[in-house]
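Residue-level structural notes
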Amino acid sequence: MKIEEEIKQSVFKSEYQKAYINVVYTSGYLQQAQSTLFKPFGVTLPQYNILRILRGQYPKPATISLLIERMLDKTSNASRIVDKLEAKGLVTRKQCPSDRRTVDVLITEKGLQLLEQMDSLEGGKGTGITNLSEDEAAQLNLLLDKIRNK
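Residues numbered from 1 in each chain as written. Predicted model: local features only at pLDDT ≥ 70, side-chain atom pairs only at ≥ 80, totals over all residues. Heavy atoms only, no water.

1. A look at the environment of Leu121
Along the chain, Leu121 turns up in the loop between α6 (109-118) and α7 (134-148). The exposure class of Leu121 is buried, given its relative accessible area of 13%. With sequence-adjacent residues up to four places away left out, Leu121 is seen in contact with Gln34, Leu37, Phe38 and Phe41. (Helix = DSSP H or I, 4+ residues; strand = E, 2+ residues; numbered from the N terminus. Buried < 20%, exposed > 50% of the residue type's maximum accessible area, 1.4 Å probe, protein only. Contact = heavy atoms within 4.5 Å.)

2. Things to note about the packing of aromatic side chains
All chains considered together, the criterion is met by one aromatic pair. Here the aromatic rings of Phe38 and Tyr48 are separated by 4.5 Å at their centres, their planes lie at 50°, and the arrangement is tilted. Placement of Phe38 in helix α2 (residues 15-38) and of Tyr48 in helix α3 (residues 45-57) is noted, with a sequence separation of 10 residues between them. Note on Phe38: relative accessible area 1%, which makes it buried. (Phe/Tyr/Trp six-rings, centres within 6.5 Å; stacked < 30°, edge-to-face > 60°.)

3. Notes on the sheet that holds strand β1 (residues 62-63)
What the three strands build is an open sheet, ordered β1-β3-β2; its pairing is antiparallel. Either end of the sheet is taken by a strand with one partner, and the two such strands are β1 and β2 (91-95). By the bridge criterion, two bridges tie β1 to strand β3 (residues 103-107) in an arrangement that is antiparallel. Within the sheet, the bridge partner assigned to Thr63 lies in β3 and is Asp104. Along the sheet face, helix α5 (residues 78-87) touches β2 and β3 and points at about 120° away from the line of β2. (Pairing = 2+ DSSP bridges. Axes fitted to C-alpha atoms, helices over the stretch in contact; angles between N-to-C directions.)

So, in structure tokens, the structure goes:
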């Protein structure tokens, strides 16, 4: 459906305004679709993001600083998210032996198994992004990268 129909606005000040609104609206749409898919697994988007980062680091632990640096949503509270993942048994947290001010976070076997179950959702499957062809996805990536080049 066109953005004009989605937000019931037929006129925009410019194509730039329309594109901006479209990107913001579509971001929310994709996040909502992903959240719906994650619900049966009992994890949120930021929790999933941290689990994926930790799986990439495995078997090495990660610090909270590294998690913050690599998270997709920079406004998320990584420490709080790790607390919730630890309560679910998906990660462990230990004081770093070489630097007592640093905490090491490691994904557990249970966390790895959960991600394995969720792997079929990787790449936005089930969110509409796969309505694009591979070439269209590549073009979209180029355009989005260009937006972030200030």
